[in-house]
Amino acid sequence: MGIFGWHKLVHAAVVSYLQVALDVPLQRTFDYLWAGPAPTVGSRVVVPFGKQTLAGVVVAVSAELDPARGLTVAQLKASQAVLDDMPPLPADILALCKFCSDYYAWPLGQVIAAALPGALRQPQPWQGGQALQFWQALDVTALLGQLSPRAHKQRAVAEALAVPRSIEQVRAVAHDGGRWLKEWIAAGWVVEAVPQADTAPPQASAHPDLTACQASAVARLNAAQGYQPFLLYGVTGSGKTEVYLREIEARLAHGGQVLVLVPEINLTPQLEARFRLRFPHEHIVALHSGLADGERTRNWLLAAQGRARIVLGTRLAVFTPLPHLALIVVDEEHDQSYRQQEGFRYSARDVAVYRARQAQVPIVLGSATPAIESWRNMREGRYTLLTLGQRAVTGAKPPQMTLISTQQQRLFDGLTQTAINTLRDCLDAGQQALVFINRRGYSPVLACHECGWIASCKRCDARLVLHREDRRLRCHHCGWESPPPAQCPDCGNADLQPLGFGTQRLEETLTGLFPDTPPLRIDRDNTRRKGSLDAMLQQVHAGEARLLVGTQMLAKGHDFAGLSLVVVVNADAGLFSTDFRAQERLFAQLLQVAGRAGRAGLPGRVLIQTRYHDDPFYPQLMSGDYAAFADRVLQERKANDLPPYSAWAMLRAESKTLMRAVTYLREAVQLLRTQPGIHAGAPIPALMMRKANQERAQVLVSSSSRPALQSAMRFLMGELLQKKAPGVRWYIDIDPSEA
Ligand code: ADP
Ligand code: ZN
Ligand code: ZN
């Protein structure tokens, strides 16, 4: 990689023809001339595009204009520059982007742009790259002998180059240092060098003796050659991380690089610290959206050059070039955060599996509650199961779980008397309690709290979704809709409410009940500001806040030593959500949140309020038997032809009026009618119908054949990109995580 700028367009005899992928919403690449020797495929170029100047990536180069492109030389514009601020994107990453473009029906140029750090999407060379390279004089004495005895500044620079220096460090010695350095490099006096760490690395942490389960898992991972996917299924605290660390160590010893994906790096700084302690001599880089652009770009380049051997990142890191990739780890592989929900929508876990196969390396998907998709792959023999059955630390007991039937007890603003009493005892004893509410992600279902009736579609046996904005019940499968009934059709009760109703007022209720220990609410809404979550957690750790009200955000990764009680108030909303993934998520969340209680010696208790205590979900939850639960869910999905047994895509549209969005979707459904092997449903309003002044609607497209769905959606994308639809925004969501 050169460090001194870019190659300017020159009038040379050599001309190359470039196909360039641009970050524009069009399903094609663009042709440009380059008056100069052919750049490597994967290079970054700057090109004119209409009135704009854009950065793009070269995806093909030829010495002659391919007649199949249907263009004449006179029609082509010239590329303005070929940038050398990054190594060209390697063929495997380009192929990965191509796969994603096809699979997720998203323009290739936009996929490639998403794979690059922000600074490398700009139509200017990235300057910060100079800090990556270090230079050293081969022989300082000989170099000094070349210099005038009176050139003090030059001599100072030469002396500084006795050890590896970055260009920034050289410039700090003398203003003109960069120019001299360039001359000396050209003359061969100075060469690129690797700096030694200038601080003594911390003492490597000791390796604990592996448990028998861990040892057997590590042995099987060690033996893996080429592509082999593993599902590491281990209860929380069973030592999955230790298994990753051992296997990483083994792969590094053979000169490899490893990619470790975590759901939310901000919630797991402990993991990074743990890695640094274990591998003090390794160059570890983090890649996540919380990093400044410069740092992220630097880390990305260090990985791409093979210099950083451990990459710890969130979903976006899955596209990092890694020339010596030897292992991929996806921790908490079931986590929703692996899905990108904006722009180019993808599942980083699924992309990681594809990448492991492409690179012919093993991949470990770790979880206490694996995704149903992964479970199926394991059950059907595509993934190898590794089980860690017990907690690694002896003596740590799982918390005691109790169901409270709200059929027998009235609710006071969402809480039963038993829950209130238990909370009081816990707080009186000076301990901490968490009231867990699951607000997000569940579509509301109308129910009778007297007899348990739940509003269902008469046409397709699915539960109806209550759209609060216009108070309509809608079937998200067939589009049938009606106003809610005035009373329960089974028992006549006139007070029908959505499941989970009442939790909005919970915070107030708790304040009234426990005036001496005011509740501290921790959720996404009040932790958006940087540092606010840390400040709140600090309050919790210091014991200043003893009554916590939290959402799923609190369920992950945190250790609260004084927490001995968790009360789950609206489990039923998850149990009967119309989203077929709701139960799977609920199980994972409840196990996670239960794991918060009683971590430090105090016996933990978990109370779950439910009206449906005889649902088979609960015995499986109580016994912590995720395997039995997952097997049952798989059978149900198969019987009902739901994912992963059927492939789904969602076309979503938004506009100023609902009518406009729905009309647009109807036209799209017409286009889909020409496509074989798929079923397109009716356009229905989205659950959150209005967002940012836009009305939103959606169409579900499904197929028993993945290739049929993929080709239909690619066709649809091509058609829709051509079509003018002023005022409508649309996008395609493959394997949607929310229905
Ligand atoms: P998981 O990732 O499965 O939740 P961790 O790897 O974080 O579990 O391990 C949980 C705890 O058990 C950690 O404190 C870890 O240091 C400890 N631990 C893991 N393996 C062992 C072992 N073999 N012997 C003793 N302690 C262990
Ligand atoms: Zn009823
Ligand atoms: Zn229906």
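Relevant structure appears above.
(A) Structural view of the packing of helix 8 (residues 240-253) against helix 9 (residues 269-278). Helix 9 packs onto helix 8 with a crossing angle of 40° between their chain directions and a minimal axis gap of 12 Å. What the angle tells us is that helix 8 and helix 9 run oblique. Handedness of the crossing formed by helix 8 with helix 9: right-handed. Two secondary-structure elements touch here, helix 8 through Thr 241, Glu 242, Leu 245, Arg 246, Ile 248 and Glu 249 and helix 9 through Leu 271, Arg 274, Phe 275 and Arg 278.

(B) Structural detail: the sheet that holds strand 24 (residues 520-522). Ordered by their spatial adjacency, six strands build an open sheet running 17-27-26-18-25-24, and the pairing between neighbours is parallel. The open sheet is flanked by strand 17 (400-405) and strand 24, the only strands paired with a single partner. Averaged over all pairs of adjacent strands, the angle between strand axes in this sheet comes to 20°, irrespective of strand direction. Where strand 26 (residues 563-568) and strand 27 (residues 605-610) come together, four bridges link them in parallel fashion.

(C) Quick look at the site of ligand 1. The full set close to ligand 1 counts 16 residues, and Asp 209, Gln 214, Gly 237, Lys 240 and Thr 241 are the nearest of them. Here a nitrogen atom of ligand 1 sits 2.7 Å away from a polar atom, N or O, in the side chain of Gln 214. Residue Ser 238 places a main-chain N or O atom 3.3 Å away from an oxygen atom belonging to ligand 1. For ligand 1, the protein covers 69% of the area, taking 560 Å² as the surface of the free molecule. Looking at the shell around ligand 1 residue by residue, the class counts come to five nonpolar, seven polar and four charged.

(D) Fine view of unusual backbone geometry. Between Pro 643 and the following residue, Pro 644, the backbone shows a cis peptide bond with an omega angle of 5°. The topology assignment puts Pro 644 in the loop between helix 19 (626-640) and strand 28 (647-655). The phi dihedral of Ala 105 is positive, around 50°, even though this residue is not glycine. Structurally, Ala 105 can be placed in the loop between helix 1 (91-103) and helix 2 (108-115). Phi angles above zero are rare outside glycine, and Gln 360 is one such case at about 55°. Note that Gln 360 resides in the loop between helix 11 (348-359) and strand 15 (362-367). Judged by relative accessible area, which is 46%, Gln 360 ranks as partly exposed.

Criteria and cut-off values
Residues numbered from 1 in each chain as written. Chains lettered and ligands numbered in written order. Predicted model: local features only at pLDDT ≥ 70, side-chain atom pairs only at ≥ 80, totals over all residues. Heavy atoms only, no water. Axes fitted to C-alpha atoms, helices over the stretch in contact; angles between N-to-C directions. Helix = DSSP H or I, 4+ residues; strand = E, 2+ residues; numbered from the N terminus. Parallel < 35°, antiparallel > 145°, perpendicular 65-115°, else oblique. Left-handed = near helix turned anticlockwise from the far one by under 90°. Contact = heavy atoms within 4.5 Å. Pairing = 2+ DSSP bridges. Near = heavy atom within 4 Å. Polar contact = N/O pair within 3.5 Å; in protein donor to acceptor, adjacent residues only side chain to side chain. Areas by Shrake-Rupley, 256 points an atom, 1.4 Å probe, with all protein chains shown as cover. Nonpolar A, V, L, I, M, F, W, Y, C, P; charged D, E, K, R; others polar. Buried < 20%, exposed > 50% of the residue type's maximum accessible area, 1.4 Å probe, protein only.

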